[in-house]
Each structure stands twice: as structure tokens, then as C-alpha cells.
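# Structure assessment
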Amino acid sequence: MSNFSYESKFKYDPSDLFGHMQEEFPQESEFDVVIIGAGPNGLIAAAYLAKAGLSVAVCERRFEVGGGLATEENLYPCYASNPHVLYHMMVDYMPAIRDFDLDGPALTWIKPNAQTGMVFEDGSSILMSRMVQDTKDSISKYSFKDAITFGSVIRKWRKIVDEIVAPATYVPPMAPIEITMAMERTELGREMLELGEYSPFEIITNTFEHEKVRTMMLYASCMWGLDPHETGLGFMVPLMLDRTVNKCYCYGGSHKFGSALAREVVKHGGLILEAAGVDKIIMQNGRAVGVQLAHEGRVLRAKAVMSTLDPHTTFLDLVGREHLPDSILGDVEGWAWDKWSFNTLHIAADEPPKYACDDPWIDEAFATVIGIESVDQLISHWDNVAAGRLDLTSFGGHSTCESLLDPTLSDRPGKYVSMFQIHAPYGIEGGWLDRRKEVQEAMLSRWQKAAPNLTHDKIVSIGMEDPEEIEIRFPQMRRGAIKHGDYGPLQMGCFRPNQDCSGTDTPIEGLYVCGASTYPGGLVLGGPGYLGANKVAEDMAIAKWWRPTSEMERYIRIYLQE
Amino acid sequence: MGKDERFDIVIVGAGPNGMTTAAYLAKCGLSVCVLEERTECGGACETQEPIPGVRIYPHAMLMYASAAPGFEQLELHKYGFRMEWEPTNPMEAANAGLACTDGWRAISDADKLGWAKIGGMLGQPPFTRELLRATFWCPPHPSDVEVTDENTPYMQVYKKHQPDIWTPELREMTMFDLMDEHLETEPFKTGMAFAAWASGAAGHWEGVAIPAALCVQLLTLPNTGKNSIPRGGLHGYFHAIHRAAVHRGAVIRTSCPVDEILIEDGRAVGVRLRETAAAGGKTIRANKAVIAACDVHQAFLKMVGPKHLDPALIRTIKDISLKNQTLYVSVFHTKKQLTYKERFRELGEARYVGENRQPGLGIYPCDSREIYYENVRDVDGRKGQPTVPPERALWFQTPPQSFDPTDCQASYPRGYISNAFEMAVTSPDYHTEGEDALDRHKDEMDRFMRESYSQMVDGLDDDNLIHHWSATGRDIEFRNTGLIGGTWCGSRHDEDQLWTNRPLPELARYRTPIEGLYHAHQTSGHPGGLCLMAIPYNLMHILIEDGIAEPGKWWYASPYYIPQEGKISARRP
């Protein structure tokens, strides 16, 4: 039985014509833990804690769980779009996948060899593959030196990821001084520290010599939101490049990952409510004691409230300014949103895109970057976007055919679902509503130029989702912020969302934060939810049924133990 | 891949019937695996958001299931089941009347009384739930029991509680006959007959007067006249069922289409998945039973196949009639709010419902049954595109999105989203111009829909219309293969295919000629569609009879159920 407590007041009375025939979920109920948001982090936290025997409720504002892990018929009918198709970069490391055995009968992960391609206007291309030698072969078309460099650098960087960055993702954050001291212990750690002193632009240009190789590598390093100019987060370049060639595809669509996590929650007695937006975190004597649901007024009381939302929503809107300790008010108000959002063109077509280029294997790539010719152009595109502009004569982005690896996304045989996504400002000059048509046409013609087979007669249906629509569809991604906030050095590590809250607990007793705006961050890392569950389990003094992964244990042994 | 997986029960299809069956059987302690072809469970209980902020229920929209024993037996409230009660006063809504070509026509007191009486509300105490349960939540009698006035469940209920409804002719009547006897005004009768036709059993079919009338009553009476829906739409209701199943240990696999039901020595022993299925082991074995919770055509003609069935049965299964129309559904996205035409404004602001103030309409035009006949003739008789002019096209509109404040539409910042606007049209499989006719006529149909709706509202002009979204019956069939022929409530609910005849007399008790194979789908079992949790409840009686399910104390059988001789009775001692 779902193990929350409540008092049933339902009584069926046939003589009461205005009474109801069926009992509903109660107006008042009590749980050990209430979680706001059923995205990957909320579900992961809930699954761990429910399996640990706590009574857990997850409140989700949308009609469906998964947050961004949505596979839905945006191109109605019969074609499921899968916007988070490229986000499964940490399948190799995520503790939740191992602890809940989500790699097997429950979920199928495909890791294709052809991972990320880049096609240039002159028909040349680079293809980054999971197998290093294949990537080197492709780079060698331009510079044998770069190919050799890639081979040696990626080997070292993979080690950095494998031994430090990836396991650290699932271990509570440390202050910069502590990180320095820990990393000094090994040569690999010192190399990682050194990277932090450079910007992604510097790291890439210092490492590679050929313009096309640099362009590819810079795109891959920064496509998820690293600022190419900023120093301090250089250690993320190895992570981004290594993961660029190690992405997994969630067969059946990303939503299956969300559903599988939700089933773990429910299997262990947890409750999930959809269409249940929280409009208030209930405070009592300075302590968070529950939540109130919008519109229906239901109250769920809890010993711990965990929010997966951004700091503005959690602290300013739900807790309320009047309950906030001064120590965090400034940090919360100063929270910076993502520098850019995405504008996405979805199409359903008779064929997958076939790129006019020198390498036929590009057509099999998981993702293909088009429209970017040089490092300068790439940087000016990003600079434009950060300034609220789009230069429709010079822009690019990444495309992917979601159904290439997965026929289940397209109910009509022989048809394909693809998307082309560009970095785009949330607030665009002229406003999205007025500029939609123009942007859509420019994107389609850019795509058709790179993939000439996508002629109008082959396109069954087309739909564009602009950054404002990201927020409309997924209200938790405020201002279209897919990571709930910028990836800058002042908002990463122990500063995400701020020093008081990056350990998932907050200065408000009973309130925890464990979404993309908390360490380690967004992009379906599954880190904040895991760390939040650990923290709540420790604070409630319940036995953990799980152990850190072997990579985490090794990392802790080498870098953290006295 | 190692050994085949084994479960006690394998269920094909994770729609409302498959999942409710899973929840019941998992609660009996059986190991259950549910296999779903699509990426998401829910079948017809589906929600989509084709444009960000615009949520659409492409199929099931309305709540018919309130009287189901499943709410108590599966304890859905503990899995988050909540309703969204329509905020308006039901009495006020009833006074609004029926929409006719010249404006609103009041519902008379005699109409209200007669309708309440048919629905059991005038009994002392009212017997609405008992009546609805008797009609829908009771398995058909065993084939060796003759169906009589005395043992037909709803006849027994009327005889006991409302003897003036009970007549020897009641089981022969059409719904129009019944209404002519108990109601007064033509528009009300026309509206109700149309609602019944669109809910499964038509107003002019003999022998189904009560099931037809009660289909409509299912919608209104248990919710006290309010047009209410579960929070999160029917997919929200489905979630509660889904979670009841998962919590009891049912294993759910999506993106796992079943190609074949494995039959060995005359017994169903498992299923074989399609090669592209999202699971390593393509064979899943069933120790006790395979339950086909997918449509009757796929189940028998494709998954079982001719090698295991005799040709006469194959022919009758092919002949199961889907002539039950499909719904052509449109949703309009406009810059400015739609407004009533002058002659419908008398009721004022009260008829603009919900947060984004959409006109709430119901059924139009209800002038007379002649209009109903003309529309039915086009769809079921001529089986082609509409020949009625747009001003006589009979349509309905369901407002659930409008009063669900959690719905994105309530706060949609980029204009106004209309309620779903629906018209019954010929189902693709029966269209004389071929099964893709609706797709080919889509532009023309869209214009027709706009013209028809414009009989009552202003605002569908080119300048104001941003987007006209529509789903043809052909789309429905493609995206949701369980909705064969695009018929949203399965095969026809007429006398030849209802109760002990549904879908055929030899399959009426959910058993099949293959041992260990049962069916549980709206196309194949009594009482058909409407997401009632009725087929699974009724099937439970049969699975208990066959010794497969042994429920605990929470179980109760239908009081009108007749056990099959020589079997275990599903009635608790």
C-alpha cells in the first residue's frame, strides 16, 4: 500500500444527488518527503527515498512525468519528437541507472559509433566517433598532427573524466581551495587544475591547429552552454568532448527513462501526482513543513520538502521573500539565467536528412552540426545570441534524426522525425511571435542547403518551437533556460545555486534543493537528485540501501580520504 | 539472450482495459507483464501537446466511469486520482437548454423529470449507481442461460426501484421510443439521441434503448449534471490505474509491439515481440493466461492467425461491424476570443466557460430528429463525405479543457484555444471512397468544420484564425492501432453486438476458442468503450471461474452475475 497517512472522509451516499460516487486523493495528507517536480532529478530522489522505506510524494505541474524527458507527438499525428534525444551523456556513470538496474529489460541504451558530425559548406566534413581511431581518420583529412594530438589528448581527457570529473558529479561539491588541495594529490588532478586556468577557446586553439578541427571541437565543447571566452571551467572541456563521443540513445524515446524512474518510485510505494503545480511551500516556525497545490488547495505535509525548481521559483515564489534568511536573498536575486536557449525546427519527412558531403557515414551520425564554417563565425553567432540577436545570414546548429536509431518513434512506416536546433536568445530583437516565420524559413533553407534531399515534397509536417515556447511547454525552464541557470564559474561547483545550498540542504530547515540549478547541474546528469536523496537520508538517519559506484569509491579513496 | 522471461499473465496492450486488468490481477498476487506497442501507455486515454501550451485529448475526453467498482477495489484515490469538478452550477447549466438553429430552447420540467427517472434519480433512495453498474459492470450471462426480462440486470433494477419504467417492451425499444414515452421536447430528445450515437449506441436502434440512454447518463448523473473530468484529463485517470498496477508489481514494457500470440497444443503460452521491440528477449511466456487487450481484429486475425482458428470464426470476426462512425476533431487557435452569434447571446456571460472564456456549447443543432436522421444517413447509410449543408451538420463540443485550470490553455499567452469541436463522420474502413478518403478530403472537411461551427460563433474568419488543428479518423487509426476504424468506442453497440452478443455469442464471456487466451478490449467485450474499467471487472468474474484469479476480501462480484455451471463462482461465499 502507498504508505502515506491521511484520514478518509469519503462516504458514498445514494440519496445525496450532489455527492460523488468515487473517492479522491485526500485534501490533507502526510508524507516523510514531498518533492516538487517529476523531472529526472525529482524522480531519482523519490525512487531512492521510497526504496529506503520513506513515504514519498512527487508533485508535477505537467500532465506527464519526465520533465524534459518528453517523447511526444509535437508533429501530430503519428510522429513522436524526442527533444532530449542528445542528452544522455552520463549513462556510463549515473548511479541511478545501476542502482535500479535500468540498463536491461527496463531500458535499452544504444551507443552508436558515429556520434557527432560537422558538415561544411564546401562539402567537407568531420565525424567524431566513439572509436578514437575513426575520429582520428576523419581529422587526418585536414591535419595529421591534429589527428595525433586528438588521440593523445582524448586519452588523457578520458582519464580525467573517468577518474575525476564523472565520479565527482555524484559526490557533494567542494570549495575551490579544497578542490585544489585534493587535485594536487595526483598528476592527473594537477592537469585538470591547469585546464581550469584557460577558457574553452584557449584550450581548443592551443591544442588543435586546423580551423575546421578547431571549429568542430569548440562547438562540441560549448554547445551545452559553456562560455567560450570564460576561464575557470576549463575542466569541463574534457568532459564535454569525451561525452560528445559517448552519448547514448534511449530506445523508445527519452520519456522511457522518465517512465522507468517513475515506476521505480511507485513500485516502492511512492506517490506521483500530475497536473499538480505547487503554489506554496508551507512554512511554520521558520521550517518548511509541506506544500500546497495550486487551484485545488490540497495540502501535503512533509518532514522534508525537496524542490527541483530554480532558485527564483523555489525561494521567491514558493517560500516567499518574507521567509528567506538574508544570507541567501542576495544570491537568489542575483541568479543568472542561461546565456542562451534553443530554437528548434522539427520535421516529419519521407527521408532522414542526407548531407551533401565527402563522408557518407555522416548520415548515420547521432548529431550533425551544420552552418558553422569557422571559429570566428561560431563565436560571433554565440555573441549575437547572448546579445539577443540572430544573424539569419550567418548561423548554425546541430541536427539529428531521432527515428534513425528508433523506428518506434514513427508510427507510419518509412517516415522519419528529425530536428535542427540552434542556440537562440530567449528575448529576441523584434520578439519571437513576429519573427517566427522568418526564422523558420531561414532555418529550413539552411538545413536544405546542407541536406538537399529535404525538399518540400518530402516534408510531411513541420513545426518550430522557439525559446518562449520552451518555457510554455516546460514552465520549469524559465526564460527557456534548459539548465535552469547559466554555467558560469560563479554558478558552478559549490556555488550552484549558491554556497549555502549547493549541498542540497538550505538555510531553511526541512527544505532541500535538488534540480538542475543545484550542483552539479542540468542536462540529465542525475546528480542533484542523487545527492539530494543522500542528504535527506543522512539527515533523517535512515539506512542507505545503496552504495557509491566503484568509480566514485575510487575517486573518494584517492582524492578525498585523509 | 538467456532464458525466456516468464509471468503468470501476459497482457497485450496498455490501454485502459489492459492496464485495469493488470491492476486487478496484480492485486490478486499474480505476476503480470503488460506489453504496449507505443512509446507511452494509456491507449485512448491520451494527452498530447502538439503546440507548446496547447494540450489536446485526441480521443477520450469525458469521464463516464464514475460508477465503476474499480475505484474502490483498486483504491485509485491512493494513487492520486482526483477530479476537476466543473465550477458552474449544474442547475444553471441545465437551464441553458439545447442549441437549435434559432437559439436556445429550454429543457422543460417534464424533460428533466423523465430523464432523471430513467437514470434512477427519482427512486427512494436514488438507485443511479446500482442501475449503471447493472447495465455496464456485469459480465454477460453464460451461453446456456436464456436472457429474459427477469434476468436482464437493468430490468431487475427497474422492476425493483422504478416499476413504471419497466414494461415488457423495454428490451425491444429504441431510445427514441423510450424518450417519447417519458420526455417532452423534441430538441432534448434529439440532443440526447445524438449524444448516445456518439457514445456507442444510437437513438434509433431497437433493443438498446436503456444502454443507449444510460451511456449518456454515465456522463452526467454520477457527476451530478456537471461536465467534470479527472484532473489531468483521462490520462490522469489512467495514471492512477497504471500506478495501482505497478505498485502491485506489474511489469510494464512500452515500445514492445506483439507480433504473435504463441499457441502450443491449443493453448496460449506466451507472445512473440516484433524484432524492433525495445527488449532483448523477444519471447515472453505466460504460465496462466494471455490477455489480448488490443482490438479484436489484430488479436485474432494477426496475433493468433488463421492457422489456429476455423474459417467460419475468422469470417465472423472480420465481419464485426465498425460502422460506428469516427469523430473528426478540430481545435481552433485564434487571436481573439470566439464569441456567440447574436441569437445565442441571451444567456450571457455564464456560457463562456473556464479561464480563457470559451463559448460552451454542447450539441447543435437539436431542432428535430429529422436533422439527426439526415446526419446518421450520411455517415452510416451513404458512408461518404457529408451531404448535409453545414447549417444542418450535427456536432458537439466538449469543454473539459476550458475549466481545468491546470491546463496550459488557461494561461496560454499566444491567443485563444477553442474547446474540441467534433463531428461524427464515416469511419475510414467503411468510407466508400477508400480508407484514406478523410485524409484526402482534409482541407474540404476543415472548411466544412469551420462553416458548421460558424453557425453559432463568430471569430473563425481567416484574419482571426491562427491555426486550425484537426485529426481525421484515419490519423486516429494510425496513431492508436487499438482504435480500429478510428471508432473511438470500438465496434457498434447495437443489439447484434452487445451484452451476450458482444462481439459474437461464442466470445461473449471474454473466453476464446484457445485455452488460456482471453480478450479484454472495447471492440471485443461487453460493454464496449468509454474507458469504464468495466471489461476488466467483468473479465475478473470469468478468470475467477477458471481458477486463474483468486482475489482477496476486497473483491465483490456483480449481484446480477450468473455463474457458469461447473465453474468456480466469482461471488464471494
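Residues numbered from 1 in each chain as written. Chains lettered and ligands numbered in written order. Predicted model: local features only at pLDDT ≥ 70, side-chain atom pairs only at ≥ 80, totals over all residues. Heavy atoms only, no water.

## Notes on the overall build of chain B
Note the threshold: Segments assigned H or I by DSSP are reported as helices when at least four residues long, segments assigned E as strands when at least two residues long, and all are numbered from the N terminus. We take the radius of gyration over the C-alpha atoms and set the globule estimate at 2.2 Å times the residue count to the 0.38 power. We call a residue buried when its accessible area falls under 20% of the maximum for its residue type, exposed when it is over 50%, and partly exposed in between, using a 1.4 Å probe and counting protein chains only. By definition, residues are in contact when any of their heavy atoms lie within 4.5 Å. Methods summary: accessible areas were calculated by the Shrake-Rupley approach with a probe of 1.4 Å, and residue burial reflects only the protein chains presented. Working convention for charge: Lys and Arg count positive, Asp and Glu count negative, and His plus the chain ends are omitted. A single reference atom marks each charge: NZ on Lys, CZ on Arg, CG on Asp, CD on Glu.
Across its full length, chain B carries 18 helices and 23 strands. Over its C-alpha trace chain B gives a radius of gyration of 23 Å, about what one expects of a compact globule, namely 25 Å for 573 residues. Considered along the principal axes of its C-alpha atoms, chain B spans approximately 70 × 55 × 45 Å. Residues classed as buried in chain B amount to 70% of the 573 residues present. Intrachain contacts of chain B at a sequence separation of at least 6 include 72% that bridge at least 24 residues. Roughly 18,200 Å² of accessible area belongs to chain B as shown, and the carbon and sulfur atoms make up 49% of that amount. Charged side chains in chain B number 59 positive and 75 negative. The centres of these two groups are separated by 6 Å.

## Re the overall build of chain A
Assigned secondary structure in chain A consists of 17 helices and 16 strands. Computed over C-alpha atoms, the radius of gyration of chain A comes to 24 Å, within 12% of the 24 Å expected from 2.2 N^0.38 for 562 residues, which places it in the range of a compact globule. Considered along the principal axes of its C-alpha atoms, chain A spans approximately 75 × 60 × 45 Å. Buried residues in chain A amount to 66% of all 562 residues. For chain A, the proportion of contacts with a sequence separation of at least 24, taken over those separated by at least 6, is 72%. A total accessible area of about 19,000 Å² is found for chain A, and carbon and sulfur atoms account for 50% of it. Separation of charge centres in chain A, based on 51 positive and 78 negative side chains, amounts to 3 Å.

## Topic: the pairing of strand E12 (residues 283-292) of chain B
Two faces belong to every sheet, and in a regular strand the side chains alternate between them. Residues and elements named next belong to chain B. We apply this condition: The pairing criterion is simple: DSSP has to find at least two bridges between the two strands.
For E12, a buried count of eight out of ten residues is recorded, marking the element as mostly surrounded by other parts of the structure. With seven bridges connecting them, strand E1 (residues 5-12) and E12 associate as parallel partners. Bridge pairing in E12 places Phe-7 opposite Ala-286. The pairing of strand E11 (residues 267-273) with E12 spans three bridges and is classified as antiparallel. For Arg-272, the partnering residue across the bridge sits in E12 and is Thr-283. Relative to strand E23 (residues 517-519), E12 runs parallel, the two being bridged by three bridges. Paired with Ala-292 across the bridge in E23 is His-519.

## Some thoughts on unusual backbone geometry
Residues and elements named next belong to chain B. The peptide bond linking Gln-124 to Pro-125 adopts the cis configuration, its omega dihedral lying at -10 degrees. With an omega of -10 degrees, the peptide bond between Arg-502 and Pro-503 qualifies as cis. The backbone of Cys-531 shows a phi angle near 55 degrees, a positive value even though the residue is not glycine. Within the fold, Cys-531 resides in the loop between E23 and helix H18 (534-545).

## Section: the interface of chain A and chain B
Inclusion rule: Note on definitions: salt bridges are taken to be side-chain nitrogens of Lys or Arg within 4 Å of carboxyl oxygens of Asp or Glu. What qualifies as a polar contact is a pair of N or O atoms within 3.5 Å, subject to a donor-acceptor requirement within protein and to the restriction that residues adjacent in sequence count only when both atoms come from side chains. Following the grouping adopted for this structure description, the nonpolar residues are Ala, Val, Leu, Ile, Met, Phe, Trp, Tyr, Cys and Pro, the charged ones are Asp, Glu, Lys and Arg, and the polar ones are all others, Gly among them.
Across the contact, 63 residues belong to chain A and 65 residues belong to chain B. Of the charged contacts, one joins A:Glu469 and B:Arg414 as a salt bridge, the two residues approaching to 3.5 Å between their closest N and O atoms. There are 25 residue pairs in polar contact (both at pLDDT 80 or more) connecting chain A and chain B. Those elements giving two or more residues to the side of chain A that touches chain B turn out to be helix H10 (255-267), strand E7 (271-273), helix H14 (432-450) and helix H15 (467-473) of chain A. Here the residues of the side of chain A that touches chain B are counted per class, giving 29 nonpolar, 14 polar and 20 charged.

## Structural notes on the domain arrangement of chain B
Residues and elements named next belong to chain B. Just so we agree on the cut-off: Where each domain starts and ends comes from a domain assignment, either automatic or drawn from a database. In short, buried area is how much 1.4 Å probe accessible area vanishes from two parts on joining, totalled over both.
For chain B, the assigned domains are domain 1 (4-49 + 234-320 + 484-545), domain 2 (109-227) and domain 3 (323-479). Placing a centre on the C-alpha atoms of domain 1 and another on those of domain 3 gives a separation of 32 Å. Here domain 1 and domain 3 share an interface that buries about 1,000 Å² over both sides, 45% of which is from carbon and sulfur atoms. Among the residues of domain 1 in contact with domain 3, Gly-485, Gly-486 and Arg-492 are the three that bury the most area, contributing 47% of the side total.

## Side note on the packing of helix H4 (residues 144-168) of chain A against helix H17 (residues 550-560) of chain A
Residues and elements named next belong to chain A. As a reminder, the rule being used: The axes used here are C-alpha line fits, helices contributing only the stretch in contact, and every angle between their N-to-C directions lies in the interval 0 to 180 degrees. Just so you know how the angles are binned, under 35 degrees is roughly parallel, over 145 roughly antiparallel, 65 to 115 roughly perpendicular, and the rest oblique.
Running from amino to carboxyl end, H4 crosses H17 at an angle of 100 degrees, the nearest separation of the two axes being 9 Å. The orientation of H4 relative to H17 falls into the category roughly perpendicular. On H17, the residues that touch Asp-162, Glu-163, Ile-164, Pro-167 and Ala-168 of H4 are Glu-551, Met-552, Arg-554, Tyr-555 and Tyr-559. Here the residues of the contact of H4 with H17 are counted per class, giving six nonpolar, no polar and four charged.

## Thoughts on the environment of A:Asp92
Residue and element names in this part refer to chain A. Within the secondary structure, Asp-92 is located in the loop between strand E2 (56-59) and helix H2 (95-99). Once the C-alpha coordinates of Asp-92 and Asp-162 are considered, the two residues, 70 residues apart in sequence, prove to be 9.5 Å apart. Setting aside residues no more than four positions away along its own chain, Asp-92 makes contact with Arg-98, Lys-111, Arg-243, Asn-246 and Glu-551. One polar contact links Asp-92 to Arg-243, side chain to side chain, over a distance of 2.9 Å.

## A short note on the packing of aromatic side chains
All names here are of chain A. Spelled out, the test is: In this scheme Phe, Tyr and Trp rings, the latter by its six-membered ring, pair at centre separations within 6.5 Å, and the angle between planes marks the pair as stacked below 30 degrees, edge-to-face above 60, and tilted otherwise.
This model, assessed by the stated rule, comprises 43 aromatic pairs over all chains. Both rings, one in Phe-4 and one in Phe-31, keep their centres 4.8 Å apart while their planes meet at 25 degrees; by these two values the pair is stacked. Of the two residues, Phe-4 is situated in the segment before strand E1 (28-36) and Phe-31 in strand E1; the sequence distance between them amounts to 27 residues. Note on Phe-31: relative accessible area 5%, which makes it buried.

## Quick look at the nonpolar core
Our working rule: By nonpolar core we mean a set of buried residues, namely Ala, Val, Leu, Ile, Met, Phe, Trp, Tyr and Cys, connected to one another through side-chain atoms within 4.5 Å.
Core analysis: the largest hydrophobic core is formed by 296 residues, its most contacted members being A:Phe257, B:Val32, B:Trp137, B:Tyr158 and B:Tyr237. Examining the composition of this core, we find that eleven residues originate from one element, H4(A), more than from any other. Ignoring sequence-local partners within four residues, the contact set of B:Tyr158 consists of B:Lys117, B:Ile118, B:Phe127, B:Leu131, B:Pro163, B:Ile165, B:Trp166, B:Leu170, B:Ile210 and B:Leu214. Among the nonpolar cores identified, the runner-up in size contains 33 residues, and B:Ile263, B:Val290, B:Ile317 and B:Ile320 belong to it.

## What to know about the sheet that holds strand E4 (residues 114-119) of chain A
Residue and element names in this part refer to chain A. Strands sit in the order E5-E4-E12-E13-E14-E11-E15 across an open sheet of seven strands; the sheet is mixed. The open sheet terminates on both sides in strands that have one partner only, identified here as strand E5 (125-129) and strand E15 (459-465). Here the strands of the sheet are splayed against their neighbours by 20 degrees on average, with no regard to which way each runs. As judged from the three bridges shared by strand E12 (residues 367-370) and strand E13 (residues 397-401), these two strands associate in the antiparallel manner. Following the sheet pairing, Val-369 is matched in E13 by His-398.

## Topic: the side chain of A:Asp227
Residue and element names in this part refer to chain A. By secondary structure assignment, the location of Asp-227 is in the loop between helix H8 (211-222) and helix H9 (236-244). Relative accessible area serves as the criterion here: at 15%, Asp-227 is assigned to the buried category. Those residues in contact with Asp-227 that sit more than four places away from it in its chain are Pro-200 and Lys-339.

## Observations regarding the confidence of the model for chain B
Should pLDDT be low for a region, the predicted coordinates there are not to be read in detail. Quick reminder of the rule: Scored between 0 and 100, pLDDT is the confidence that the predictor attaches to each residue.
Counting all residues, the mean pLDDT for chain B is 90, and 95% of those residues have values of 70 or more. Note on the complex model: pTM 0.96, ipTM 0.95.

## Re helix H11 (residues 311-320) of chain A
All names here are of chain A. In terms of burial, H11 is largely enclosed, as nine of its ten residues are buried. When we look at burial in H11, the residues that qualify are Pro-311, His-312, Thr-313, Thr-314, Phe-315, Leu-316, Leu-318, Val-319 and Gly-320. Check the buried side of H11 and you find it contacts E1, strand E8 (278-284), strand E10 (299-307), helix H12 (326-333) and strand E16 (511-513). Where H11 starts, the residue carrying a side-chain oxygen 3.0 Å from the main-chain nitrogen of His-312 turns out to be Asp-310.

## Quick word on the pattern of salt bridges
Evaluated as defined, the whole model comprises 74 salt bridges over all chains. Of the charged contacts, one joins A:Glu465 and A:Arg473 as a salt bridge, the two residues approaching to 2.7 Å between their closest N and O atoms. This pair shows no difference in class: A:Glu465 is buried, exactly as A:Arg473 is. B:Glu72 is paired through a salt bridge with B:Arg129; the nearest N and O atoms lie 3.1 Å apart. Residue B:Glu72 is found in helix H2 (residues 70-73), and its partner B:Arg129 is found in helix H5 (residues 128-136); the two are separated by 57 residues along the sequence. When its relative accessible area of 33% is taken as the criterion, B:Glu72 is described as partly exposed. Through salt bridges that share partners, A:Glu24, A:Glu296, A:Arg298, B:Arg82, B:Glu84 and B:Arg231 make up one connected network.

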